[in-house]
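# Tertiary structure, described
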Amino acid sequence: MTKSALQIARAAYQPKLPKALKSAVVAAEGAATQSVANQEEIKKLFPNTYGMPLIKFEATGESVSFPAMNVGVILSGGQAPGGHNVISGIFDGIKKLNKDSKLYGFILGPGGLVDHNYMELTAEIVDEYRNTGGFDIIGSGRTKLEEEEQFDKGYEILKELNIKALVIIGGDDSNTNACVLAEYYAAKKYGVQVIGCPKTIDGDLKNEMIETSFGFDTACKTYSEVIGNIQRDCNSARKYWHFIKLMGRSASHIALECALQVQPNMCIISEEVEAKDMSLDDIVAGIAKVVADRAAQGNNFGTVLIPEGLVEFIPAMKRLISELNDFLAANAEEFSQIKKSHQRDYIIRKLSPENATIYASLPEGVARQLSLDRDPHGNVQVSLIETEKLLSEMVATKLAQWKEEGKFVGKFAAQHHFFGYEGRCAAPSNFDADYCYSLGYAASALIANGKTGYMSSVRNTTAPADEWIAGGVPITMMMNMERRHGEMKPVIQKALVKLEGAPFKTFVAQRERWAMETDYVYPGPIQYFGPTEVCDQPTKTLQLEQAK
Ligand code: FBP
């Protein structure tokens, strides 16, 4: 395998560990825990894993000996920088406890467990992937582990390989399922522990005990580097407005963090749009106003950051999409007979007046996407909607109208970007490299201490790594009941952007100035070697949230 110079140098990086994990540990147990809501229902659903105490690892002078243990690991869902370091942390952790311990990786996500598709992760293999981005060591997948049949199928291979514990590295849904699996194996007395690890670039798996999900740091730094470069180009040519959509699913954490890093002219936050019941026209008029105001000062350029989930948060668009879903599901046959060029008018005639007006106002391409691209459940795939183009086209229309009315005197030319995949497999920043390695190491300690139904946790992450606090959080503690596919289910609460939180408030305090002044920040590429203030800074989100 040919390697870049950085890859070779980076392979030698030794991730930092919290002080306590550097020697043998004892698991100090806190008080019994409760779920964040719906305590009675969740307790009933998780009789074996509910109410367990928080765990904090403390260094002990004594050396503790453990029998050899075989452990399985699964990477679940979208890639996030640092996954390979979670695996190397687990590997080093279990080997330190007993050199005869073995680590098995299930191939291409949870499906690998069900299909008995696995490989042993030897020292040679793990060494190839230390401090690298991606999940390619074993691959990832989006199969959901939900059915008892899958759990039993998985148990067959776990038993065959004598695996004592399974670590599932995933987002909120995968960790919810990890907990269901832990409960099932505990109830059946199969003797297999299940531990979760908080992964997702989206940053929406966090709570009082989990400060951040891994990968958010590197992904945001990667996007911020590129947005910074665009801003410098934009400030040099002074002729384009750049509409930049950012991944993150429903939550706007990525857009907000990038805004805090680069100081764009505008950043839309979906959670605010929903809270203020804003319409699409409100958003468009808001952007057009900034464009017009800057143009009045002779600045026909700027940047707008847009979270990918925006459309779902505009209440009126949500209602339109829901009516379209129902209407097209019920009239699929008739709709397929309508000539393409007549489909738009046909839909406008059939929708309720409120939704018909909104639909008619949408640019041709977006209206088409809304009527065509549906997932297997018959829903519009909102992530496929090119929101950046939708907004810029509507802004252009509004500005043309304002021009006629003499309210806009400038020029408007737009460029479009969508950043997501560019950052999901970037080489992990020092923060993610250290955080992930520590999460993996803490997972091995949870396993050695016989724990199941826990998520590996590392806290105090704005302090130097030495002072980080490693432990475990019972997954049931993060759960509440939510309606999913028409049924009430226990799930880990998704963390959306809090409008009363410090990161959003900090953004609000500055956004009007950023809109008018060109006060761009150019963060530059992630630095792996050099002074700590350049290489080891956590995200602005984390710094603001943790500032006491
Ligand atoms: P996870 O929640 O699985 O970590 O996914 C992160 C993410 O990158 C989202 O931001 C994005 O919407 C989604 O994955 C895209 O996934 P895919 O490439 O599978 O369509």
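Residues numbered from 1 in each chain as written. Predicted model: local features only at pLDDT ≥ 70, side-chain atom pairs only at ≥ 80, totals over all residues. Heavy atoms only, no water.

Looking only at helices and strands, the protein features 23 helices and 15 strands. Relative to the compact-globule value of 24 Å for 548 residues, the protein shows a C-alpha radius of gyration of 25 Å, a close match. Along the longest, intermediate and shortest principal axes, the C-alpha atoms of the protein span 80 × 60 × 45 Å. Here the analysis covers contacts within the protein between residues at least 6 apart in sequence; of these, 77% occur between residues at least 24 apart. For the protein, the exposed area adds up to about 23,100 Å²; of that, 50% sits on carbon and sulfur atoms. (Helix = DSSP H or I, 4+ residues; strand = E, 2+ residues; numbered from the N terminus. Rg over C-alpha atoms; globule rule 2.2 N^0.38 Å. Contact = heavy atoms within 4.5 Å. Areas by Shrake-Rupley, 256 points an atom, 1.4 Å probe, with all protein chains shown as cover.)

The next subject is the pairing of strand β15 (residues 487–492). Judged from the 6 bridges that link them, strand β14 (residues 479–484) and β15 form a sheet pairing that is antiparallel. Paired with Arg484 across the strands is Glu487, a residue of β15. Between the end of β14 and the start of β15, which pair antiparallel, lie 2 residues, with His485 showing a positive phi angle near 50°. (Pairing = 2+ DSSP bridges.)

Judged by pairing direction, the sheet is mixed, and its 9 strands sit side by side in the order β1-β2-β13-β12-β7-β6-β3-β4-β5 without closing on themselves. On the outer flanks of this sheet lie β1 (25–32) and β5 (118–120), each paired with one strand and no other. On average, adjacent strands in this sheet sit at an angle of 25° to one another, irrespective of strand direction. Seen against the sheet, helix α3 (residues 83–97) touches β3 (70–75), β4 (102–106), β6 (163–170) and β7 (193–198) and runs at an angle of roughly 175° to β3. (Axes fitted to C-alpha atoms, helices over the stretch in contact; angles between N-to-C directions.)

Next up on the list: the domain arrangement of the protein. According to the domain assignment, the protein contains domain 1 (47–52 + 74–215 + 428–478) and domain 2 (222–423 + 500–546). Taking only C-alpha atoms into account, the centre of domain 1 sits 34 Å from that of domain 2. Tallying the contact residues gives 15 residues for domain 1 and 18 residues for domain 2. Each partner contributes to the roughly 1,300 Å² buried at the junction of domain 1 and domain 2, and carbon and sulfur atoms together form 54% of this total. Sorting the residues of domain 1 by area buried against domain 2 places Asp202, Asn430 and Thr462 first, and these three jointly supply 38% of that buried surface. The residue Lys206 makes a salt bridge to Glu545 at a minimum N-O spacing of 2.7 Å. The interface formed by domain 1 and domain 2 holds 2 residue pairs in polar contact (both at pLDDT 80 or more) in total. Grouping the amino acids of the side of domain 1 that touches domain 2 by side-chain chemistry returns 4 nonpolar, 6 polar and 5 charged. (Domains from an automatic or database assignment. Buried area = accessible area lost by both parts, 1.4 Å probe. Salt bridge = Lys/Arg side-chain N within 4 Å of Asp/Glu carboxyl O. Polar contact = N/O pair within 3.5 Å; in protein donor to acceptor, adjacent residues only side chain to side chain. Nonpolar A, V, L, I, M, F, W, Y, C, P; charged D, E, K, R; others polar.)

What follows deals with helix α6 (residues 148–160). With 13 residues, α6 extends 18 Å from end C-alpha to end C-alpha; this agrees with the ideal 18 Å at 1.5 Å per step. Residues of α6 that are buried include every one of Gln150, Phe151, Gly154, Tyr155, Ile157 and Leu158, and no others. For α6, the angular spread of buried residues about the axis comes to 170°, placing them on one side. Turned more than 90 degrees away from the buried face of α6 sit Glu148, Glu149, Lys159 and Glu160, all of them exposed. Next to the buried residues of α6 lie β4, α4 (110–114), β5, β6 and α7 (172–187). Once α6 finishes, Asn162 follows within two positions and takes phi at roughly 55°, a positive value. (Expected span 1.5 Å × (residues − 1). Buried < 20%, exposed > 50% of the residue type's maximum accessible area, 1.4 Å probe, protein only. Arc of directions from axis to C-beta.)

So, on to a negative patch on the surface. Taken together, the side chains of Glu146, Glu147, Glu148 and Glu149 present a region of like negative charge at the surface. Along the chain, Glu149 turns up in helix α6. (Patch = residues over 30% accessible without salt bridge, like charges linked within 9 Å, V, L, I, M, F, W, Y side chains within 5 Å. Lys, Arg positive; Asp, Glu negative; His and termini not counted. Charge placed at Lys NZ, Arg CZ, Asp CG, Glu CD.)

Another point: the pattern of salt bridges. Applying the stated criterion across every chain yields a total of 26 salt bridges. In this structure, Asp434 engages Lys16 in a salt bridge whose closest nitrogen and oxygen atoms are separated by 2.9 Å. In this pair, Asp434 is assigned in helix α20 (residues 430–448) and Lys16 in the loop between α1 (5–11) and β1, connecting sequence segments 418 residues apart. Note on Asp434: relative accessible area 4%, which makes it buried. Residue Lys16 is classed as partly exposed on the basis of its relative accessible area of 32%.

Its maximal kink placed at Gln510, helix α21 (residues 502–516) deviates by approximately 45°. Buried within α21 we find Pro503, Phe504, Phe507, Trp514 and Ala515. The inward-facing, buried residues of α21 contact α9 (253–262), β9 (266–267), α10 (270–275), α11 (280–296) and α23 (540–546). (Bend = angle between axes of the 7 residues up to and from the residue.)

Here the focus is the site of the ligand. In the region of the ligand, 13 residues are neighbours, and Gly78, Arg142, Asp202, Glu308 and Tyr421 sit closest. Here an oxygen atom of the ligand sits 2.8 Å away from a polar atom, N or O, in the side chain of Arg142. Measuring from an oxygen atom of the ligand, one finds a side-chain N or O atom of Arg249 at 3.4 Å. Relative to its unbound accessible surface of 490 Å², the ligand loses 78% to contact with the protein. Taken together, the residues of the shell around the ligand sort by class into 3 nonpolar, 4 polar and 6 charged. If you count residues domain by domain, the shell around the ligand takes at least three from each of domain 1 (47–52 + 74–215 + 428–478) and domain 2 (222–423 + 500–546). (Near = heavy atom within 4 Å.)

With that settled, the discussion passes to the packing of helix α15 (residues 340–350) against helix α17 (residues 364–372). At a closest axis distance of 11 Å, the pairing of α15 and α17 adopts a crossing angle of 80°. When the axis of α15 is compared with that of α17, the two are roughly perpendicular. On α17, the residues that touch Lys340, Gln343, Arg344 and Ile347 of α15 are Glu364, Ala367, Arg368 and Ser371. Its residues assigned to classes, the contact of α15 with α17 shows 2 nonpolar, 2 polar and 4 charged. (Parallel < 35°, antiparallel > 145°, perpendicular 65-115°, else oblique.)

If you trace the backbone, Asn85 turns up in helix α3. By relative accessible area, Asn85 is classed as buried at 0%. Not counting the four nearest positions on each side in its chain, Asn85 is found in contact with Pro15, Arg130, Asn131, Thr132, Ala433, Cys436 and Tyr437.

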